[in-house]
Amino acid sequence: MSISIREAVWKAGRTLILDGVNIEVPQGQVLGLLGPNGSGKSSLLRLICRLRPLASGVIALDGRDIETFSRRELAQRLALVEQQAGTDAPMTVLDVARLGRTPHRGALAAWARHDEEAVESALRATDLWEKRRQTWRTLSGGERQRVQIARALAQEPTELLLDEPTNHLDIRHQLDLLGLLRRLPITSVVALHDLNLAAAFCDRLVVLRAGRVAAAGTVAEVLTPDLIATVFGVTAQIFYRADRPQIAFVT
Amino acid sequence: MNAPDLNTTDTSPVQSGRGRWAALAIAGLGVLVLVMAFAVSTGEIRVPFAVIAKTLGNKLFGAAYSLDPIQEGIIWNYRLSRTVVAACSGTALALSGAILQALLRNPLAEPYVLGISAGASTGAVAIVILGFGGGLLSLSGGAFIGALGAFGLVALLASGSGGGGDRVVLAGIAGSQLFNALTAYIVTTSANAEQARGVMFWLLGSLSGTNWADVGIAAPVALIGVLLCLLHARTLDAFAFGADAAASLGIAVTRVRVVLFALTAAMTAVMVSLVGSIGFVGLVVPHAMRLVVGPTHGRLLPASAVAGAVFMVLADLVSRIIVPQQVVPIGVVTALVGAPAFAVLLTRSRRTA
């Protein structure tokens, strides 16, 4: 398993946020992480990056406990796109994308041809190459989000974690991004709110509810009217087109 | 279209950038040497550059130029040591400001935000007025101990409140207020008028009376500071989007914070104990340099180091010559000259951005 999470428990202060979560993500797949606000999606992504310490449980990459990695080793294979990222520094798109090379370079190592290629292909994949000289503050919300995705791709990860990456993106860039994740040979875990996007692009889905896994499996197994009613509290009808479900909400 | 032109972009640190970096570094150091030579030659007695060069030849390389002993004495015993200490303190303060602004992600951060200057002044008045240390400690020694003590308290307060950039700034403000109040309390209750004036003068910063022993402390500290900072340049870049983002880029955030906070505290404490608490350099120089060379620390840190030195040498020169027969506190000069200059820079950067 590319990413395996066993009995993960995490508390913020005294509040239990994740309560015994088990998830397995096979190599190269796109896992959609669904769930209402506050269900623990962002916390889980941070735990996988070891940005917060687990209260108990184990998270492993290819069977190796993340606790045994150095920070740098972890960043060489695992990249995170946070939900909100901002800076006051007058950085250009290129400057931000280049940050992705940080874990691959020593403190004094020269900028290598391969670093340059990784940055360029990341910027092209996110449709930002033409804007590489623009400064951060001149970018729209969607463009900023794409710059962060470019930075994560420049890290050349084998596992990519994205926290609601489609926020602020127009529909074309939403489809482009999720299509890109499907094409890339890497494992990705994507927290999403849009059930239709999840249905269209993810290999497997995990639904979190109040810090526990409420459902896990293939798209067809997970996205049922019953589950949507229980977890999200809305009535939905499900249609199938080319073996992918589409969801219509009944209001 | 297929051939990437990254190598020729103005933000590229690649190949051509290396050569340009070296050229800029040499140019910067050249400017610094010229400014220092100018500062050493200028004063109530003007000394030609040739005499400065010959004095250096005599003192450093044992040459035997015959020189006016008064001129030689002024240069060697008075102006040169003072100018070198000014340059070192400018470098250290500007670097400290650049590091703190990056680590705390707060444009207001500067060395004194960590309470260091306030602690130094309390330490200094405790020695001078209350007579702590029974004559074993100098004013500088007291200032150094006070500075480190205040920093320790601020660090403790900040980590006790959960860490994070804003917490450090808040803890620093609390610490500064406490130590400034202590200083004021000691001065008003225990000092006579003469002592109060002396303390006041020291607090506003003064390079009067600096000697080669001071250079022996300031120069190694500044050099070590520059080297350690340059080693952490890329690490500081990674903090642009916050500590979590830095950690997810492979930075050992806690270790880096400890090392760099300790470095800024030590650099600032040493400089404050030598020259008094000189404000403004740590705040303004990094911002000005960011407008000139951009936010990448590989360029920002060396630029700030050189610009801080140049700024302080010039400020010291102005403080010596602006009022005949009198030395104006250098902190007054840095603020009076620096504040308007910074205001101009800020408004111009807004127009062009």
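Residues numbered from 1 in each chain as written. Chains lettered and ligands numbered in written order. Predicted model: local features only at pLDDT ≥ 70, side-chain atom pairs only at ≥ 80, totals over all residues.

**Some thoughts on the overall build of chain A**
Then, number 1: The helix and strand inventory of chain A stands at nine helices and twelve strands.
Then, number 2: A globule of 251 residues ought to have a C-alpha radius of gyration of about 18 Å, and chain A, at 18 Å, matches this closely.
Then, number 3: Overall, chain A is about 55 × 40 × 30 Å in size when its C-alpha atoms are taken along their principal axes.
Then, number 4: Out of the 251 residues in chain A, the part that is buried amounts to 42%.
Then, number 5: Put simply, of all contacts in chain A between residues at least 6 apart along the chain, 67% involve residues at least 24 apart. (Helix = DSSP H or I, 4+ residues; strand = E, 2+ residues; numbered from the N terminus. Rg over C-alpha atoms; globule rule 2.2 N^0.38 Å. Buried ≥ 20, exposed ≤ 12 C-beta atoms within 10 Å, placed from the backbone. Contact = placed C-beta atoms within 7 Å.)

**Structural notes on the environment of Leu197 of chain A**
All names here are of chain A.
Then, number 1: Counting through the fold element by element, Leu197 comes out in helix H7 (residues 195–201).
Then, number 2: Residue Leu197 is classed as partly exposed on the basis of its C-beta count, with 18 C-beta atoms lying within 10 Å.
Then, number 3: In the structure, Leu197 is positioned 18 residues away from Gly179 in sequence and 10 Å away in space, judged by C-alpha atoms.
Then, number 4: Residues contacting Leu197, with those up to four places away along its chain left out, are Thr166, Gln174, Leu178 and Leu192.

**Observations concerning the pairing of strand S11 (residues 235–241) of chain A**
Then, number 1: Burial of S11 of chain A is sparse: only zero of the seven residues sit out of reach of the surface.
Then, number 2: Connecting S11 of chain A to the next strand, strand S12 (residues 244–250) of chain A, in antiparallel fashion are two residues, including Ala242 of chain A with a positive phi near 50 degrees. (Pairing = 2+ DSSP bridges.)

**A word on the interface of chain B and chain A**
Often the size quoted for an interface is simply the accessible area lost on bringing the parts together.
Then, number 1: Across the contact, 24 residues belong to chain B and 26 residues belong to chain A.
Then, number 2: Those elements that place two or more of their residues in the side of chain B that touches chain A are helix H9 (233–237) and helix H10 (243–248) of chain B.
Then, number 3: Among the elements that line the side of chain B that touches chain A, the one with the most residues is H10 of chain B, at four residues.
Then, number 4: Taken together, the residues that form the side of chain B that touches chain A break down as 15 nonpolar, five polar and four charged. (Nonpolar A, V, L, I, M, F, W, Y, C, P; charged D, E, K, R; others polar.)

**Quick look at unusual backbone geometry**
Then, number 1: In this structure, Arg50 of chain A takes a positive phi of about 60 degrees despite not being glycine.
Then, number 2: Locating Arg50 of chain A in the fold gives a position in the loop between helix H1 (41–48) and strand S4 (56–61).
Then, number 3: Of note in the backbone geometry, Arg105 of chain B takes a positive phi value of approximately 50 degrees without being a glycine.
Then, number 4: If you trace the backbone, Arg105 of chain B turns up in the loop between helix H3 (69–104) and helix H4 (116–128).
Then, number 5: Judged by local crowding, Arg105 of chain B falls into the buried class, with 21 C-beta atoms found within 10 Å.

**Examining the environment of Ala37 of chain B**
Residues and elements named next belong to chain B.
Then, number 1: Note that Ala37 resides in helix H1 (residues 16–41).
Then, number 2: As for Ala37 and Leu80, which are separated by 43 residues in sequence, their C-alpha atoms are 8.7 Å apart.
Then, number 3: Each residue touching Ala37, except ones within four places of it in the same chain, is listed here: Phe49 and Ile52.

**Description of the nonpolar core**
Then, number 1: Counting 175 residues, the largest nonpolar core has Leu33 and Ala97 of chain A together with Ile116, Ala147 and Ala269 of chain B as its most contacted members.
Then, number 2: Element by element, the count of residues in this core is highest for H3 of chain B, at 17 residues.
Then, number 3: Once residues lying within four places of it in the same chain are set aside, the contact partners of Ala269 of chain B are Ile116, Ala120, Phe144, Ala147 and Leu148 of chain B. (Core = buried A, V, L, I, M, F, W, Y, C linked by C-beta atoms within 7 Å.)

**Things to note about the sheet that holds strand S3 (residues 30–34) of chain A**
Residues and elements named next belong to chain A.
Then, number 1: With mixed pairing, the six strands of this open sheet are ordered in space as S6-S7-S8-S3-S9-S10. Only two strands of the sheet have a single neighbouring strand rather than two, namely strand S6 (78–81) and strand S10 (212–218). Strand-to-strand, the axes of this sheet are offset by a mean angle of 15 degrees, without reference to chain direction.
Then, number 2: Where S3 and strand S8 (residues 187–191) come together, four bridges link them in parallel fashion. Bridge pairing in S8 links Leu33 to Ala191.
Then, number 3: Helix H5 (residues 141–154) rests against S6 and strand S7 (159–163) of the sheet, and its axis sits at about 175 degrees to S6. (Axes fitted to C-alpha atoms, helices over the stretch in contact; angles between N-to-C directions.)

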